[in-house]
Amino acid sequence: MVFSTFAAIAACLVGLSSLTAPPQPASSLELSLHETSGRVVTASLTCEPTGGTHLHRDTACATLAQVHGDLAKIKPRQQKCTMIYSPVDVTATGTWQGKPVAFRATYPNKCAADSQSDGVFAF
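Residues numbered from 1 in each chain as written. Predicted model: local features only at pLDDT ≥ 70, side-chain atom pairs only at ≥ 80, totals over all residues. Heavy atoms only, no water.

Looking at an unreviewed UniProt entry, one finds the protein named Subtilisin inhibitor-like, with Amycolatopsis sulphurea as its source organism. The record in UniProt for the protein states the following under Subcellular location (unreviewed entry): "Secreted". (UniProt positions renumbered as here; feature names shortened; annotations may be inferred.)

### Topic: the nonpolar core
Generally speaking, soluble globular proteins have nonpolar side chains that are buried together. Grouped together as the largest cluster of nonpolar side chains are 23 residues, with contacts concentrated most on L64, L71, V90, F103, Y107, V120 and F121. Listed by contribution, the elements that provide at least two residues to this core are strand 1 (27-35), strand 2 (40-47), helix 2 (57-66), strand 4 (88-96), strand 5 (99-107) and helix 3 (110-116). (Core = buried A, V, L, I, M, F, W, Y, C linked by side-chain atoms within 4.5 Å. Buried < 20%, exposed > 50% of the residue type's maximum accessible area, 1.4 Å probe, protein only. Helix = DSSP H or I, 4+ residues; strand = E, 2+ residues; numbered from the N terminus.)

### Looking at the side chain of E35
Summarising the element assignment, E35 is placed in strand 1. Apart from residues no more than four positions distant in its own chain, E35 is found in contact with P87, V88 and K110. (Contact = heavy atoms within 4.5 Å.)

### What about the sheet that holds strand 5?
Pairing within the open sheet is antiparallel, and its five strands lie in the order 3-2-1-4-5. What marks the edges here is a single partner per strand, and that holds for strand 3 (51-52) and strand 5. Relative to strand 5, strand 4 runs antiparallel, the two being bridged by nine bridges. Bridge pairing in strand 5 places T93 opposite A102. Seen against the sheet, helix 2 touches strand 1, strand 2, strand 3 and strand 4 and runs at an angle of roughly 70 degrees to strand 2. (Pairing = 2+ DSSP bridges. Axes fitted to C-alpha atoms, helices over the stretch in contact; angles between N-to-C directions.)

Written out as structure tokens, the structure is:
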């Protein structure tokens, strides 16, 4: 009787050992956009695999992959924006393929933040 109980417990432990945790994303960022009105918008972005709350996560991950996660090296996209001055502060914190990311910038308005970041801050 003791042997059969031990065998059942051993079988369960062997079965549990084959379970693995889901893979962690290679890159994970928390993005925020703070408007002068006081409104703060945030989004999470994970890449490899793509996920998070960012509305355009596939595009944002592709943009970041081109610059190896260095947001300062993003080439602006050609986009017409109004000349209305309503500054926004943006931040990105987290990791890109294991390396820490800490980015902060101020843009003249939300449209400029979108175009200058090639969509990374379009959420």
